[in-house]
There are 2 protein chains.
Amino acid sequence: MQTIRVETPSAKYDVVTGSGLIETLAPRIERAAGRLPRRVFVLTSAPIWALWSHCMEQSFQDAPIVLFLEPGEKFKTLASVERLLRQMAQAGGDRGSLLIAFGGGIVGDVGGFLAAIYMRGIPYVQVPTTFLSQVDSSVGGKTGVNLPEGKNLVGSFHHPRAVFADIGVLGTLPDRELRAGLMESVKAGIIRDRALVRFMEEHVDEVLGRDPKALEKVIAASIRMKAGVVNLDERENGLRMILNFGHTVGHALEQATAYKTLLHGEAVGWGMVAALYLARERGTISSKQFDRLENLVHLYGPLPALKLKAAKVAAATGGDKKNVGGVKRFVLPVGIGDAGVVEDVTPAELEGAVGYMLAKAAELRG
Amino acid sequence: MQTIRVETPSAKYDVVTGSGLIETLAPRIERAAGRLPRRVFVLTSAPIWALWSHCMEQSFQDAPIVLFLEPGEKFKTLASVERLLRQMAQAGGDRGSLLIAFGGGIVGDVGGFLAAIYMRGIPYVQVPTTFLSQVDSSVGGKTGVNLPEGKNLVGSFHHPRAVFADIGVLGTLPDRELRAGLMESVKAGIIRDRALVRFMEEHVDEVLGRDPKALEKVIAASIRMKAGVVNLDERENGLRMILNFGHTVGHALEQATAYKTLLHGEAVGWGMVAALYLARERGTISSKQFDRLENLVHLYGPLPALKLKAAKVAAATGGDKKNVGGVKRFVLPVGIGDAGVVEDVTPAELEGAVGYMLAKAAELRG
């Protein structure tokens, strides 16, 4: 078991990762929140609850009030939020109530947002059940939902009182989701943790074979990287931008495929390939480093094949929410374990990088 | 012109009150926010915009993008919020955009909430156009909307970059709304500002006659009181509770009359009468102080007549969002210019106080 501390100007809390956390949740929350409130809500999805309710409920004296969110991005909406807020009000939730977000990234984002705006803010804890949400979205306080106009356009910064990332629940995760989630760990290593890059290169079989020790090591290192960045830049005014490595082109790929073909991590995987290419062209990484890092991405693949036009993908990079005032920001690795933000990427450079990535992706289609 | 400084752990900004602020808004916002963003949104209502658009737009080089909220509490909903967020996204609003909430309390609450959750928070300024919103809701960072289950059950704490309370716009305010708004100033004096009590006793005619100097004095003192309390207790964990003087019974009256008969300030006026009675019974104010303060409430009346059952009103006090864990909190004045919170008011005491207030209200029906 490992504990990573998040300390920002507005919140201080622990992220705990290890096995057997779900079974012992109530006393853990009590310790983290000071007390276990009279009314505890659990936001979850029916498939997760079917698998884990028995395990989770055993540590609670009074069973928590369960709220369900239908699985899938299309339910990450203000309409779902309104329905759930009303259920909380009808069940007598007050300012002292606590919410547990128990599920993947969407449950975490919606649950955090409910907690952020119900009665102007109630405490909550994150209990992420996918690899991706364990290493990424459960840490950092970003919450929110989509609008028809774009993803995550609505939300709040609202930190949980604690995060419990139980490795035991990953046993039921489909292999493709695990591999996609691991792309965020690859990202973590490239931008900020040389040792994680090396560990992931040397322990591919253990990690993909779900060896608990190897998983805990990768998850803890990924969380530590993210927490470290969030601690220095809570509101994404500067450093936190580097967490978007691979995401500018990644988001464009998701958009160009209407969020249907690719898992988020897979899009980020291809996005990293494009960004690595750009970094090599700019000379912020060497050819040798490029080969090594591109290889690392593919070690945790296979990434799905793509059939897209470079111009279409390049155009789709314009709509990113992080482009303040129209400037196109791009995160590039600097060597291995460091990264920076550039704002002067030309359309030609971008198309070149996307073109390289799409050629690679076409090869996979054979 | 007077400037009052708000300084909380999470925000520092000025509240400016005086004449001629609307005409000079753009440079004022530029100074407060550091720069005037490329995209400025104005949330307002059609009647306000019809009266004041010409005046407001004259200081902006590029006309702001205008968003409309239908007047009335029944549009203070998540459905309105969703529609407005989508309009902002469609108009290309980004994280650097700024929103001006230009209207009464509902526009201020909804506008602040839009700014709180659009892209996880954008800057905004409050330009309140009613007496009530100038002295109360525009200061303190509370934002939000209603659910069918209750008022203000959804929202955020999100402070504006500045508040501009222009006394010039009060010229078109109906007399009844002015008198109702002044109840919050009466409240301010009773709980925290002896000098304001005296000033309001001695200058009834000037204040009700809308003499600019007298209005500015009352508004500035009311804002100063509220800012002082918010500075000490941003999140309503303790001291800020005293701002609810008159509001426990006031909310119950609004609920018992289905928010149709009474303006908020009028309900608070009657609520203060009940709370003053309770304070006299408990001995936290003397009989002489009771007479003087009850008289002050009526000087700024007339409060509307009521025909309600004491038991019904007393029962409705239970649903207040500030009653954490079922405890019934009550704010009582201690002498003139101070107040405290008690948590042990018995049902009999409460019914006695409500009964006194309803008897007074019945007298008015003649």
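Parameters and conventions
Residues numbered from 1 in each chain as written. Chains lettered and ligands numbered in written order. Predicted model: local features only at pLDDT ≥ 70, side-chain atom pairs only at ≥ 80, totals over all residues. Heavy atoms only, no water. Pairing = 2+ DSSP bridges. Helix = DSSP H or I, 4+ residues; strand = E, 2+ residues; numbered from the N terminus. Axes fitted to C-alpha atoms, helices over the stretch in contact; angles between N-to-C directions. Contact = heavy atoms within 4.5 Å. Salt bridge = Lys/Arg side-chain N within 4 Å of Asp/Glu carboxyl O. Buried < 20%, exposed > 50% of the residue type's maximum accessible area, 1.4 Å probe, protein only. Least-squares fit on C-alpha atoms with pLDDT ≥ 70 in both. Buried area = accessible area lost by both parts, 1.4 Å probe. Polar contact = N/O pair within 3.5 Å; in protein donor to acceptor, adjacent residues only side chain to side chain. Phe/Tyr/Trp six-rings, centres within 6.5 Å; stacked < 30°, edge-to-face > 60°. Lys NZ or Arg CZ within 6 Å of the ring centre and 35° of its normal. Arc of directions from axis to C-beta.

Peer 1: Explain the sheet that holds strand β6 (residues 124-128) of chain A here, please?
Peer 2: Neighbouring strands of a sheet are bound in pairs by backbone hydrogen bonds; such pairs are parallel or else antiparallel. Residue and element names in this part refer to chain A. In spatial order, the strands read β1-β2-β9-β6-β5-β3-β4; together these 7 strands make up an open sheet with mixed pairing. Pairing within the sheet leaves two strands with one partner each, and these edge strands are β1 (2-7) and β4 (65-68). The sheet shows a mean angle of 20° between the axes of neighbouring strands, taken without regard to direction. Looking at chain direction, β6 and strand β9 (residues 162-166) are connected through 2 bridges and run parallel. If you follow Val125 over to β9, its bridge partner there is Ala162. Across the sheet, helix α9 (residues 212-232) touches β1 and β2 (12-18), and the angle it forms with β1 is around 10°.

Peer 1: How do you make sense of the pattern of salt bridges when you look at a structure like this?
Peer 2: Pairs can form between side chains of opposite charge whenever their charged atoms are close. One pass over the structure, following the stated rule, counts 37 salt bridges over all chains. Glu266 of chain B serves as the salt-bridge partner of Arg176 of chain B, at 2.7 Å between the closest nitrogen and oxygen. Placement of Arg176 of chain B in helix α6 (residues 175-192) and of Glu266 of chain B in helix α11 (residues 264-282) is noted, with a sequence separation of 90 residues between them. For Arg176 of chain B, a relative accessible area of 42% corresponds to the partly exposed category. Among the ionic contacts, a cluster of salt bridges with common partners joins Arg5, Glu7 and Asp14 of chain A.

Peer 1: Hey, could you run me through the relation of the copies chain A and chain B in this one?
Peer 2: Here the second copy of the chain follows from the first by a rotation about an axis and a shift along it. When chain A is brought onto chain B, the operation consists of a screw motion whose angular component is 180° and whose axial shift is 0.0 Å, with 0.0 Å RMSD remaining. As the rotation angle and translation indicate, the two copies are arranged about a two-fold axis. Most of the interface of chain A is mirrored in chain B, where 100% of its interface residues are also at the interface.

Peer 1: Would you mind showing me how to read the interface of chain A and chain B here?
Peer 2: Interface size is often expressed as the accessible area that is lost when the parts come together. Facing 34 residues of chain A, the contacting portion of chain B comprises 34 residues. Note on chain A versus chain B: buried area summed over both sides is about 3,100 Å², and carbon and sulfur give 58% of it. Counting the contacts that link chain A with chain B gives 4 salt bridges. As a salt-bridge pair, Arg95 of chain B and Glu236 of chain A come within 3.0 Å of each other at their nearest N and O atoms. If you look at where chain A meets chain B, you find 12 residue pairs in polar contact (both at pLDDT 80 or more). Every element with two or more residues in the side of chain A that touches chain B is listed here: α3 (78-90), α4 (105-117), β7 (142-147) and β8 (150-157) of chain A.

Peer 1: Would you take a moment to explain the sheet that holds strand β4 (residues 65-68) of chain B for this structure?
Peer 2: Residues and elements named next belong to chain B. Read from one edge to the other, the open sheet built from 7 strands follows the order β1-β2-β9-β6-β5-β3-β4, with strand pairing classed as mixed. The open sheet has two edge strands with one neighbour each: β1 (2-7) and β4. Geometrically, the sheet is characterised by an average inter-axis angle of 20° between neighbouring strands, direction not taken into account. Relative to β4, strand β3 (residues 40-44) is paired through 4 bridges, and the arrangement is parallel. Bridging from a neighbouring strand, Phe41 pairs with Ile65 of β4. On top of the sheet, helix α4 (residues 105-117) reaches β3, β5 (98-103) and β6 (124-128); it is set at about 170° to β5, its chief contact. Its contacts with the sheet put helix α9 (residues 212-232) on β1 and β2 (12-18), and the angle it makes with β1 is roughly 10°.

Peer 1: When you look at the side chain of Thr257 of chain B in this model, what are you seeing that I'm missing?
Peer 2: All names here are of chain B. Here Thr257 is to be found in the loop between α10 (247-256) and α11. Of the residues examined, Thr257 reaches a relative accessible area of 12% and is grouped as buried. In this structure the side chain of Thr257 is engaged in a polar contact, spanning 2.7 Å, whose partner is the backbone oxygen of Leu253. Other than its neighbours up to four places away in sequence, Thr257 contacts Leu262 and Leu308.

Peer 1: What should I look at first to understand the side chain of Ser97 of chain B in this one?
Peer 2: Along the chain, Ser97 of chain B turns up in the loop between α3 (78-90) and β5. A polar contact is formed between the side chain of Ser97 of chain B and the backbone nitrogen of Asp94 of chain B, at a distance of 2.9 Å.

Peer 1: How do you make sense of the packing of aromatic side chains when you look at a structure like this?
Peer 2: Think of a pair of aromatic rings as described by two things: how far the centres are apart, and how the planes are tilted against each other in angle. Within this structure, the stated rule accounts for 6 aromatic pairs over all chains. An angle of 85° between the planes, with centres 6.3 Å apart, marks the rings of Trp49 of chain B and Phe102 of chain B as edge-to-face. Here Trp49 of chain B is found in helix α2 (residues 46-57), whereas its partner Phe102 of chain B is found in strand β5, with 53 residues between them in sequence. Of the residues examined, Trp49 of chain B reaches a relative accessible area of 11% and is grouped as buried. Here Phe102 of chain B falls in the buried class, since its relative accessible area comes to 0%. Taken together through their ring pairs, the aromatic side chains of Tyr277, Phe290 and Tyr356 of chain A make up a single cluster. Looking at Arg280 of chain A, its charged tip hangs above the ring of Phe290 of chain A, at a distance of 4.3 Å from the centre.

Peer 1: Is there a simple way to think about helix α1 (residues 25-33) of chain A in this case?
Peer 2: Three or four residues apart is the spacing at which side chains of an α-helix point the same way, because the helix has 3.6 residues per turn. All names here are of chain A. The complete set of buried residues in α1 reads Leu25, Ala26, Arg28 and Ile29. Along α1, the residues classed as buried sweep out an arc of 160° about the axis, all on the same side. In the stretch just after α1, Gly34 is the one whose phi turns positive, near 90°.

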